[in-house]
There are 2 protein chains.
Amino acid sequence: MPVSDAATHGAEDALTALTDLVQADLEACNRLIVQRMHSPVALIPQLAAHIVAAGGKRLRPLLTLAAAQLCGYRGDRHVALAACVEFIHTATLLHDDVVDESALRRGQASANALFGNKPSVLVGDFLFARAFQVMVADGSLKVLAILSEAAATIAEGEVLQLATQNDTTTTQAQYLEVVEGKTAALFAAATRIGAVVADRPEAEEAALESYGRNLGIAFQLVDDALDYAAEQERLGKTVGDDFREGKITLPVLLAFERGDEAERGFWRRTLEEREQGPEDLAQAQALIQRHGALRDTVARAQAYGDAALAALEAFPDGPVRRALAGIVAFCIARAR
Amino acid sequence: MPVSDAATHGAEDALTALTDLVQADLEACNRLIVQRMHSPVALIPQLAAHIVAAGGKRLRPLLTLAAAQLCGYRGDRHVALAACVEFIHTATLLHDDVVDESALRRGQASANALFGNKPSVLVGDFLFARAFQVMVADGSLKVLAILSEAAATIAEGEVLQLATQNDTTTTQAQYLEVVEGKTAALFAAATRIGAVVADRPEAEEAALESYGRNLGIAFQLVDDALDYAAEQERLGKTVGDDFREGKITLPVLLAFERGDEAERGFWRRTLEEREQGPEDLAQAQALIQRHGALRDTVARAQAYGDAALAALEAFPDGPVRRALAGIVAFCIARAR
C-alpha cells in the first residue's frame, strides 16, 4: 500500500496545522507543565525534564486544546487539563519503560536507562499525583471522573498486555482490549474533556470521545506495525522491541494465523520460549511481509481512522475540524 | 529503656480497643476494598489480594474511621475514604518493594518476589487510580485535594530517600523530610479526613492532622529503630534491610555523629561504598547500641508521640480519644 511522498508530506503538514491553530494555548500548556513538575526534591524536575523536554509531539494535550477550540470554548481551563493529560501520559511512559526494560525512548536514552528504575517508578508516581492536584484545582468532578477512569483503564490494559506477553494463543479480541486500555483510553479522555470544559451537549462529548478512541486505536496499530518495519529511522525507537519482548501484536497474530505449522513453531520458539537468534528478527519481518500482515494491520488502522473521521461529522466544517481530520492521516501516514 | 511486659501488653490492647470501637465500619471498609479492587483483568485482584489479604493492621483506614467517630460523624462516607487511604498505602507498598527489591513484606513473600516487578508497578498504578475513582464518587473536592497532595508528598519523600541513600553526609533535617513525606503525610491525611467528612471546624481538622502527622513520624522512627533490633521475630520483616540497602536512618545518623574516625570509616565502607561482609550487620548493631542510638531514636519517637497526644486534647475525653491515645503507645511499644 505505497502512498506518495506528497501524501506523507501532507500528513506531516496536518500536525503543523493543528499546532498552529492552538499555538498560544500549547505554549501556555508547556509553561504550566514545566512549572507544575517542579519540586524541592531536585531529582524530580531533573528526571521529569528529561522525558518532557525530550519533546514528544505533545499529541494528547494538543488534542485536548483542539477539541476545546472545536467546541467554541473561550476560557483557559483546557490549558491546565491538557497539562494533566500530558502528566498522566508521561507517568505511564516512565512506568512502561521500567516494565519493558527499554533503553530508548523517542530516540534518546530512556529515563530508566539514565537514572535507574527506582526514580522512574517514583517520579511516575509523583507526576500522576500532580496531575490529580491540577485537576482538583480545576474543580470539575466530571473531569476527575473521566481521567481517573482513564488512568485505571490504562493500568488494566498494561497488566493485560503483560498477561498476554509470550502467549501465542492470545486472541485478536484480547489484543484489542490491550490497545483500547493502554493507548485509546487516554486519547478518548483527552478529546472528550474538550467538550466537557465547553459544557457542550452529551452528543458532542460522545462524538469527541469516539474520535479520540478510534484515533488512539489507529495510532497504536500503526505503532505495532512500525515495530516490524524495514527501517527504524522514522520511528525514533528501536525496530524489533516488541519481538524481543515477546509482545503479541496484530502483525504477529495475523502472520501466526496465516502461517503453516513450521511457521507457528518459529513464533512459539521465538515469542513463547523466548529463544531468539541473531537472524530471527529478519525472519519474523519476512513472515509478516509474506502474509501481508503489515499491510492488513495498517488497513485495520485505516478503518479505525475512518471511524474517527465519521465522529467528527457531528461538528460543522472549519479549520479545527479539518486539522483534527488531518491528524488521523498523520497517524496512519507514519506507517508508510 | 526497658518497659514491662504489662505495658507492652497494654499497648497491644490499644489496637484491639480501637478496632473494637469501629468494628462494623472496618468490616464494611474491608468488603469495599475487596469489591473495588476487582477487575476483569484477573492478575489485578490476584496480586492485590496477596498484599491486601496478607493482613496488615489496617492502621491507616482504622485511623480514618476512628477520627470520623471522634468527630461525631454519623454517615458512611468515611468507610469509602478509609478504603481510598488503604489503596494509596497499598500502591506505595507495591512500588516500594520494587524500589527496595524486597523479598519479604509482612513476613510473607512480597508481591514483586512472587509475581515479578512489572505487575507490581502496574497493579500499584491501578490501585492508585482506583483510589481516585472512589474519591470522585464520594464527591468532595476537599478530600481529593488532601489525598492528591498526600500522594505527591509521599512520592517526593520516596525520591528524597533514594537521593540520600548511601550518603552518610545526609542531615537529620533531610532524614525527617523523608519520614514526613514517605510515612507521616498519609497518616496526617487519613486522620484529617475524619474531621472533613464530619464537617468540623478548622481547629479540629488541624488537631487531627497534627495527631496523624506526629503519630506517623513516631511510627517511622520506631520502624527504623526496629531494623537494627536484636530480634526480628516481632517485626514480620527482616532485620538489617535498611543496612543492606544503605538507607540512612536516625539510628545510623546518631551512631555516625557520635562515632570516632574509625567508626565513620566503617559506616562509609558499608553504607556508601556498599562493601558489606557477613559480620558487618552485627558490628553496625553493636555501634548503634554502644552510642545509645536506638534508645535515643525511640526517645525521639516518644517526643513525637507526646505531640500526637497533645493534639488529641482538642477533643473531649471519651473511649475513642482514649483508644487513639492508646495507638500512640502501641506504635512506640513495638520498639520495646
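The following refers to the structure shown. Within each chain, residue numbers correspond to sequence positions counted from 1 in written order. All chains are assigned letters beginning at A, and all ligands numbers beginning at 1, according to the order in which they are written. The model is predicted, so local features are restricted to residues of pLDDT at least 70 and side-chain atom pairs to those at 80 or more, both for listing and for counting; the totals for chains, interfaces and linings are taken over all residues. Computation of side-chain values covers all heavy atoms of the structure but excludes hydrogens and water.

A look at the overall build of chain A
- Numbering of helices and strands runs from the N terminus, with a helix taken as a DSSP run of H or I at least four residues long and a strand as a DSSP run of E at least two residues long. Of the regular secondary structure elements, chain A holds 16 helices and two strands.
- For each residue, the accessible area found with a 1.4 Å probe, counting protein chains only, is set against the maximum for its type, and the residue is called buried under 20%, exposed over 50%, and partly exposed in between. Burial statistics for chain A: of 336 residues in total, 60% are counted as buried.
- Working rule for contacts: check all heavy atoms of both residues, and any pair within 4.5 Å makes them a contact. Across chain A, every contact between residues at least 6 apart in sequence was considered, and the portion connecting residues at least 24 apart equals 75%.
- Note on areas: Shrake-Rupley, 1.4 Å probe, and residue coverage restricted to the protein chains presented here. On chain A, roughly 12500 Å² of surface is accessible, and the fraction owed to carbon and sulfur atoms is 51%.

Here's the deal with the pattern of salt bridges
- Salt bridge criterion: a side-chain nitrogen from Lys or Arg within 4 Å of a carboxyl oxygen from Asp or Glu. Taken as a whole and assessed by the stated rule, the structure comprises 33 salt bridges over all chains.
- With a closest N to O distance of 3.0 Å, arginine 295 of chain A and aspartate 296 of chain A form a salt bridge.

A closer look at the relation of the copies chain B and chain A
- All copies are superposed by least squares; the fitting set is the C-alpha atoms of residues with a pLDDT of at least 70 in both. Expressed as a screw transformation, the operator carrying chain B onto chain A has a rotation angle of 180° and an axial translation of 0.0 Å, and the superposed copies differ by an RMSD of 0.0 Å. In the structure described here, the two chain copies are related by an operation that fits a two-fold rotation axis.
- In this assembly the copies share their binding face: 100% of the residues contributing to the interface of chain B also contribute to that of chain A.

Focus: the environment of arginine 77 of chain A
Residue and element names in this part refer to chain A.
- Structurally, the position occupied by arginine 77 is in helix H5 (residues 77–100).
- For the pair arginine 77 and leucine 65, spaced twelve residues apart in the sequence, the C-alpha separation amounts to 9.7 Å.
- N or O atoms within 3.5 Å of each other form a polar contact, as long as, within protein, one can give a hydrogen and the other can take it, and as long as residues adjacent in sequence are counted only when both atoms are side-chain atoms. At 2.7 Å, the side chain of arginine 77 forms a polar contact with the side chain of aspartate 138.

Quick notes on the nonpolar core
- Only buried residues count toward a nonpolar core. Its members are Ala, Val, Leu, Ile, Met, Phe, Trp, Tyr and Cys residues joined through side-chain atoms within 4.5 Å. Core analysis: the largest hydrophobic core is formed by 244 residues, its most contacted members being Trp267 of chain A together with Trp267 of chain B.
- Beyond its immediate sequence surroundings of up to four residues, tryptophan 267 of chain A is in contact with Thr168, Phe243, Val252, Ala255, Phe256, Glu272, Ala284, Leu287 and Ile288 of chain A.

Notes on the packing of aromatic side chains
- Classification of ring pairs uses Phe, Tyr and Trp, with its six-membered ring standing for Trp, and accepts pairs whose centres are within 6.5 Å; under 30 degrees between planes counts as stacked, over 60 as edge-to-face, and the remaining range as tilted. The tally for this structure, following the rule as stated, stands at 14 aromatic pairs over all chains.
- Aromatic side chains phenylalanine 243 of chain A and tryptophan 267 of chain A sit 6.4 Å apart centroid to centroid with 80° between the ring planes, which places their arrangement in the edge-to-face category. Of this pair, phenylalanine 243 of chain A sits in helix H11 (residues 241–245) while tryptophan 267 of chain A sits in helix H13 (residues 261–272), and the two are 24 residues apart along the sequence. We note that phenylalanine 243 of chain A, like tryptophan 267 of chain A, is buried.
- Ring-pair connections join several aromatic residues into one group, and the members of that group are Phe128 and Phe132 of chain A together with Phe128 and Phe132 of chain B.
- Taking NZ or CZ as reference, arginine 264 of chain A lies 5.1 Å from the ring centre of phenylalanine 256 of chain A, over its face.
- Note on criteria: charge over ring means Lys NZ or Arg CZ within 6 Å of the ring centre, with the direction from the centre no more than 35 degrees off the ring normal. Geometry around phenylalanine 219 of chain A places arginine 334 of chain A over its ring, the cationic atom sitting 4.3 Å from the centre.

Some details on the interface of chain B and chain A
- Of the residues lining the interface, 34 residues belong to chain B; the matching set on chain A comes to 34 residues.
- Applying the counting rule to chain B against chain A returns zero salt bridges.
- The interface formed by chain B and chain A includes four residue pairs in polar contact (both at pLDDT 80 or more).
- Among the secondary structure elements, those contributing two or more residues to the side of chain B that touches chain A are helix H3 (43–53), helix H5 (77–100), helix H7 (117–138) and helix H8 (141–164) of chain B.
- With 13 residues, H8 of chain B is the largest single contributor of residues to the side of chain B that touches chain A.
- A breakdown of the residues in the side of chain B that touches chain A according to their chemical character gives 23 nonpolar, five polar and six charged. In the scheme used here, Gly and all other residues not listed as nonpolar or charged are polar, with Ala, Val, Leu, Ile, Met, Phe, Trp, Tyr, Cys and Pro taken as nonpolar and Asp, Glu, Lys and Arg as charged.

Structural notes on H13 of chain A
Residue and element names in this part refer to chain A.
- Along H13, the residues classified as buried are Glu263, Phe266, Trp267, Thr270 and Leu271. One side of H13 holds all its buried residues, which, seen down the axis, span an arc of 100°. Seen from the buried face of H13, the exposed residues on the opposite side, beyond 90 degrees, are Glu261 and Ala262.
- Here the buried face of H13 lies against H11, helix H12 (250–258) and helix H14 (280–290).
- The N-terminus of H13 is capped by aspartate 260, whose side-chain oxygen sits 3.1 Å from the backbone nitrogen of alanine 262.
- In the stretch just after H13, arginine 274 is the one whose phi turns positive, near 55°. Of all possible arcs, the one meant is that of the directions from the helix axis to the C-beta atoms.

Looking at the side chain of threonine 164 of chain B
Residues and elements named next belong to chain B.
- Tracing the chain through its elements places threonine 164 in helix H8.
- Judged by relative accessible area, which is 8%, threonine 164 ranks as buried.
- Excluding residues that lie within four positions of it along the chain, threonine 164 makes contacts with Thr170, Val178 and Ile248.

Structural notes on the side chain of serine 39 of chain B
- Here serine 39 of chain B is to be found in the loop between helix H2 (23–36) and H3.
- One polar contact links serine 39 of chain B to glutamate 156 of chain A, side chain to side chain, over a distance of 2.6 Å.
- Polar contacts involving the side chain of serine 39 of chain B include one to the main-chain amide nitrogen of valine 41 of chain B, which spans 3.0 Å.
- With residues near it in sequence (within four places) discarded, serine 39 of chain B still touches Glu156 of chain A together with Ile44, Pro45 and Phe126 of chain B.

A closer look at the packing of helix H9 (residues 172–197) of chain A against helix H10 (residues 202–226) of chain A
All names here are of chain A.
- Inter-axis angles, ranging from 0 to 180 degrees, are taken between N-to-C directions of lines fitted to C-alpha atoms, where helices are fitted over the stretch in contact. Here H9 crosses H10 at 140°, and the two axes come no closer than 7 Å. In terms of their interaxial angle, H9 and H10 are classed as oblique. Once H9 is placed against H10, the crossing between them reads as right-handed.
- Among the residues making up the contact of H9 with H10, the classes are represented as 15 nonpolar, five polar and eight charged. Oblique is the label for any angle not covered by the other classes, which are roughly parallel (under 35 degrees), roughly antiparallel (over 145) and roughly perpendicular (65 to 115). By definition, any crossing whose near helix is turned counterclockwise from its far helix by less than a right angle is left-handed, and any crossing with a clockwise turn is right-handed.

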